[in-house]
Amino acid sequence: MAKGNVIKEPLVRVVKRDTRSTAKTYKFVLIRVAAVILALIVDALFIFFITGLNPISVYTTMFKGTFDFEYGSTLFTAKFLTTVRDMALLLGIAVALAPAFKMRFWNIGAEGQVLMGALATACVMQYGVKYVSGPVLMIIMFVMAVIAGAVWGILPAIFKAKWKTNETLFTLMMNYIAINIISFATNVWRGKKSTLGTINSISREGWFPKILNQDFTLGIIMVFALVVLVFIYLKYSKHGYEISVVGESENTAKYAGINIKKVIIRTMAISGAICGLCGFMVVAGKDHTVSTGSAGGYGFTAIIVAWMAKFNTFFMMLIAFLIAFLEHGASEIHSTYAVINDYAADIISAVILFFLIGCEFFINYRLVFRSGRKKEA
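Residues numbered from 1 in each chain as written. Predicted model: local features only at pLDDT ≥ 70, side-chain atom pairs only at ≥ 80, totals over all residues. Heavy atoms only, no water.

## Structural notes on the overall build of the protein chain
As a reminder, the rule being used: What counts as a helix is a DSSP run of H or I of at least four residues, what counts as a strand is a run of E of at least two, and both are numbered from the N terminus. Here the term buried applies to any residue with accessible area under 20% of the maximum for its type, exposed to any over 50%, and partly exposed to those in between, with areas from a 1.4 Å probe on protein chains only. Should any heavy atoms of two residues lie within 4.5 Å, those residues are considered in contact. What sets the accessible areas is the Shrake-Rupley method with a 1.4 Å probe; for residues, cover comes only from the shown protein chains.
A tally of regular secondary structure across the protein chain gives 13 helices and four strands. Expressed as lengths along the three principal axes of its C-alpha atoms, the size of the protein chain is roughly 95 × 60 × 35 Å. When the 377 residues of the protein chain are sorted by exposure, 46% land in the buried category. Considering only contacts in the protein chain between residues 6 or more positions apart, those separated by 24 or more positions represent 77%. Counting only carbon and sulfur atoms, one obtains 66% of the accessible surface of the protein chain, whose full area is about 19,800 Å².

Here's what the structure looks like:
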């Protein structure tokens, strides 16, 4: 009997992991921990050979940039609260992206949606204060910001649902439209002034009340409430189930009788509304003004947070804090060490993020090496 053809196995094969097993969760945690350790080793080599500094001293300085060990024993130091504030803004935008991303609608327009919410808030603060004040003014600011963000999210959703346009390009281009609308509005408001300035700086109308001696504490509380609400919405509500089905397969959704167009528009309305709410928090609790930089670039950074957390809002808290910590740590080492400029400080932070993002490959896939045995066809 003739022997069959011998099939030679490749040296290494990439096989997709079965990530549904909860028993394997600890392995994924270990992979992430290993990624962080490797990143710290690479950063240590960079710090030592390029700058000549002691890596341990540099890492300690990064921690001081967030926790302020030298200047107070309490956790609620000014630097720590500032880090939490920035984390909360980033987290809020990431939570807004979660429903859209889970539906596989790639909303790259969070930056513009935040800006439109901020603009609506600033308009009410600037002109509404002549007619209302106190809690009523705050409620109107809130409502208008949510509506503005929702409208900016619904527009690309309608085009996607009806005409199958590319949502990535559509939402991305709307960021630039929002930026130019902000530029136009602020130029009209300021007249001959060089800057718009702080709105209602004397009366503080439309400002968040101070909690723990910070203006943004109420915003932090609101974001943490959003984390819980959106998690429950996505995991346990009927709408959350429909989002999951549409994201997995539109054909399956049609077979199940789900109105796909309705789900797309509704989900993007929610995503945009939460982004608008973040714009409200920026103006009312952080900057007390509006500019083209009000979103701080967090609309793009939040994409990393939402994707790495697999759209789980509780995991987003950890990743958002890590990114805020790295940003503040990079700023601290830049101001402490003369030999470390902005670029070197950013490289140190970027290496850690690179390893964390890269380890996602090993979480989703595994390498299978050649067994040494030959297969017959």
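## Some details on the layout of surface pockets
Put simply, the test is: A 1.4 Å probe that fits but cannot get out identifies a cavity on a 1 Å grid over protein atoms alone, an open set with protein on both sides within 12 Å along at least five of seven lines counts as a pocket, and a residue lines either if it has an atom within 4 Å of a point. Grid points are joined across faces, edges and corners, and a volume is the space filled by probe spheres set on the points.
Approximately 240 Å³ is the volume attributed to the second largest pocket. Taken together, Val36, Leu40, Tyr59, Met62, Phe63, Phe67, Phe321, Leu322, Phe325, Leu326, Ile352 and Leu356 make up the lining of the second largest pocket.

## Remarks on the packing of aromatic side chains
What counts here: In this scheme Phe, Tyr and Trp rings, the latter by its six-membered ring, pair at centre separations within 6.5 Å, and the angle between planes marks the pair as stacked below 30 degrees, edge-to-face above 60, and tilted otherwise.
All chains considered together, the criterion is met by 17 aromatic pairs. Summarising the aromatic geometry, the rings of Trp106 and Trp307 are spaced 5.9 Å apart at their centres and angled 65° between planes, so their arrangement reads as edge-to-face. Note that Trp106 is positioned in the loop between α3 (78-102) and α4 (110-127) and Trp307 in helix α11 (residues 298-308), a separation of 201 residues in sequence. Geometrically, the ring pair formed by Phe231 and Phe314 is edge-to-face, given 4.9 Å between the ring centres and 65° between the ring planes. Placement of the pair is Phe231 in helix α7 (residues 217-236) and Phe314 in helix α12 (residues 313-336), with a sequence separation of 83 residues. Judged by its relative accessible area of 33%, Phe314 is partly exposed.

## What to know about the pattern of salt bridges
Quick reminder of the rule: The term salt bridge refers to a pairing of a side-chain nitrogen on Lys or Arg with a carboxyl oxygen on Asp or Glu at a separation within 4 Å.
Applying the stated rule across the entire model yields 10 salt bridges. The salt bridge involving Glu242 is made with Arg266; its shortest N-O contact spans 2.7 Å. Pair noted here: Glu242 is in helix α8 (residues 238-248) and Arg266 is in helix α10 (residues 260-287), with a separation of 24 residues, a long-range link. Taken individually, Glu242 and Arg266 each receive the classification buried, so the pair is uniform in this respect. Residues participating in the shared-partner salt-bridge network are Arg32, Lys310 and Glu360.

## Regarding the nonpolar core
Going by this rule: Only buried residues count toward a nonpolar core. Its members are Ala, Val, Leu, Ile, Met, Phe, Trp, Tyr and Cys residues joined through side-chain atoms within 4.5 Å.
Counting 105 residues, the largest nonpolar core has Phe280 and Met316 as the members making the most contacts within it. For this core, the leading source of residues is α3, giving 15 residues. Once you skip the residues sitting within four places of it in the chain, Phe280 turns out to touch Gly117, Ala118, Thr121, Met138, Met141, Phe142, Ala145, Phe208, Met222 and Gly285. If you look at the next biggest cluster of nonpolar residues, it comprises five residues, including Phe28, Ile31, Cys359 and Ile363.

## Thoughts on the environment of Gly296
Here Gly296 shows up in the loop between α10 and α11. Using a relative accessible area of 51% as the deciding quantity, one classes Gly296 as exposed. Separated by 14 residues in sequence, Gly296 and Val282 have C-alpha atoms that sit 9.7 Å apart.

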